[in-house]
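Structural overview for review
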Amino acid sequence: MSKEMQSRSQLLWGLIVIAVGVLFLTDIDIPPIGQLWRYWPFLAMAFGAIKLIPPTTPKHAVDGLCHIAFAGWFYMSFEHIWGLTFHNSWPILVIIAGICLLVQPVVIKYSATKEENQ
């Protein structure tokens, strides 16, 4: 594992441990373990955010935003936010995937061109 990946992984696990500590410290009612699985999209959002802190490459930035978008779609569909369900919102996921596929090469090419001009 590269040093960069190791530091990103350590940052993510550090944030997770801090979040768990804060939850226990606040003494709020924590739902039973069986109900916690429905919040896994927030873990996926954390993985996406880690790629954005700091974005070492344009690919990391786009990948991080795509992770966050996918996790947000999943959570909104699972919780039926704005009436979205998996049945009626799957085209949104297709659009997100298309945007990610489209944006990544554009951002990479733009940043390479910008670096050459400097």
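Residues numbered from 1 in each chain as written. Predicted model: local features only at pLDDT ≥ 70, side-chain atom pairs only at ≥ 80, totals over all residues. Heavy atoms only, no water.

**Brief notes about the state of the cysteines**
For the structure shown, the criterion picks out one disulfide. The side chain of Cys66 participates in a disulfide bridge whose partner is Cys100; the two sulfur atoms lie 1.9 Å from each other. Between Cys66 and Cys100 the sulfur-sulfur dihedral comes to about -125°; the bridge is accordingly left-handed. Taken together, the residues Cys66 in helix H4 (residues 58-79) and Cys100 in helix H5 (residues 86-117) connect sequence positions 34 residues apart. Cys100 matches Cys66 in its accessibility class, with the two residues each being buried. (Disulfide = S-S within 2.5 Å. Helix = DSSP H or I, 4+ residues; strand = E, 2+ residues; numbered from the N terminus. Buried < 20%, exposed > 50% of the residue type's maximum accessible area, 1.4 Å probe, protein only.)

**Considerations on the packing of aromatic side chains**
If you walk through the whole model with that rule in mind, you get seven aromatic pairs. On the basis of an interplanar angle of 40° and a centroid distance of 6.4 Å, the ring pair of Phe70 and Phe74 is categorised as tilted. Of this pair, Phe70 and Phe74 both sit in helix H4, separated by four residues, roughly a single helical turn. For Phe70, a relative accessible area of 31% translates into the label partly exposed. Ring geometry for Trp73 versus Phe86: centroids 5.6 Å apart, planes at 75°, classification edge-to-face. Separated by 13 residues along the polypeptide, Trp73 in helix H4 and Phe86 in helix H5 bring together distant segments of the chain. On the accessibility criterion, Phe86 (36% relative accessible area) is partly exposed. Here the aromatic cluster, defined as three or more aromatic residues joined through ring pairs, consists of Phe70, Trp73, Phe74, Phe78 and Phe86. (Phe/Tyr/Trp six-rings, centres within 6.5 Å; stacked < 30°, edge-to-face > 60°.)

**So, the packing of helix H3 (residues 40-52) against H4**
Running from N to C, H3 and H4 cross one another at 165°; their axes reach a closest spacing of 7 Å. Taken together, the axis directions place H3 and H4 in an arrangement best described as roughly antiparallel. As for how H3 packs across H4, the hand of that crossing is left-handed. Contacts between H3 and H4 involve Trp40, Pro41, Phe42, Ala44, Met45, Gly48, Ala49, Lys51 and Leu52 from the first element and His60, Ala61, Asp63, Gly64, Leu65, His67, Ile68, Phe70, Ala71, Gly72, Phe74 and Tyr75 from the second. (Axes fitted to C-alpha atoms, helices over the stretch in contact; angles between N-to-C directions. Parallel < 35°, antiparallel > 145°, perpendicular 65-115°, else oblique. Left-handed = near helix turned anticlockwise from the far one by under 90°. Contact = heavy atoms within 4.5 Å.)

**As for the environment of Trp40**
Position of Trp40 relative to the elements: it lies in helix H3. As a C-alpha pair, Trp40 and Phe74 span 34 residues in sequence and 9.5 Å in three-dimensional space. Not counting residues up to four positions away in its chain, the partners in contact with Trp40 are Phe70 and Phe74.

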